[in-house]
Amino acid sequence: MSKEKKEAVYSPAGIFRELRKVQWPRFGELMSSSGLVIGFTLLFGLYFFICELAASSLVSWIVSL
């Protein structure tokens, strides 16, 4: 790998050229992905809330001994 690394030059034309190559999601795909992210975020939040309740109950029980 003796090739020299080219210095990155960002020009507005180059940026727009790359943006045309992007495959943007359709509205249905976007809503589906967003729904999955929101759903998993709520599930993880509920899981951590339950873990916090269990841990605080355990600590309170230990301290009361």
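This is a predicted model, so every value here is computed, not measured. Residues take numbers from 1 onward in each chain, read along the sequence in its written order. Given that this is a predicted model, residues contribute local features only at a pLDDT of at least 70 and side-chain atom pairs are listed and counted only at 80 or more, while totals for whole chains, interfaces and linings are drawn from all residues. Hydrogens are left out, water is left out, and the side-chain values use all remaining heavy atoms of the structure.

Overview of the overall build of the protein chain
To keep it simple, the criterion reads: Where helices and strands are cited, they refer to DSSP runs of H or I of at least four residues and of E of at least two residues respectively, numbered from the N terminus. Buried means the residue's accessible area, taken with a 1.4 Å probe over protein chains only, is under 20% of the maximum for its type, while exposed means over 50%, and partly exposed covers the values in between.
Secondary structure assignment for the protein chain yields two helices and zero strands. Taken over 65 residues, the protein chain has a buried fraction of 2%.

Remarks on the pattern of salt bridges
Here is the rule: Put simply, a salt bridge is a Lys or Arg side-chain nitrogen that is within 4 Å of an Asp or Glu carboxyl oxygen.
Per the counting criterion, the structure on display carries one salt bridge. Between Lys21 and Glu18 there is a salt bridge, and its shortest N-O distance comes to 3.2 Å. Within this pair, Lys21 and its partner Glu18 are both found in helix α1 (residues 12–21), separated by three residues, close to a single helical turn. Classification of Lys21 by relative accessible area gives exposed; the value is 59%. In this structure Glu18 comes out as partly exposed when scored by relative accessible area, which is 45%.

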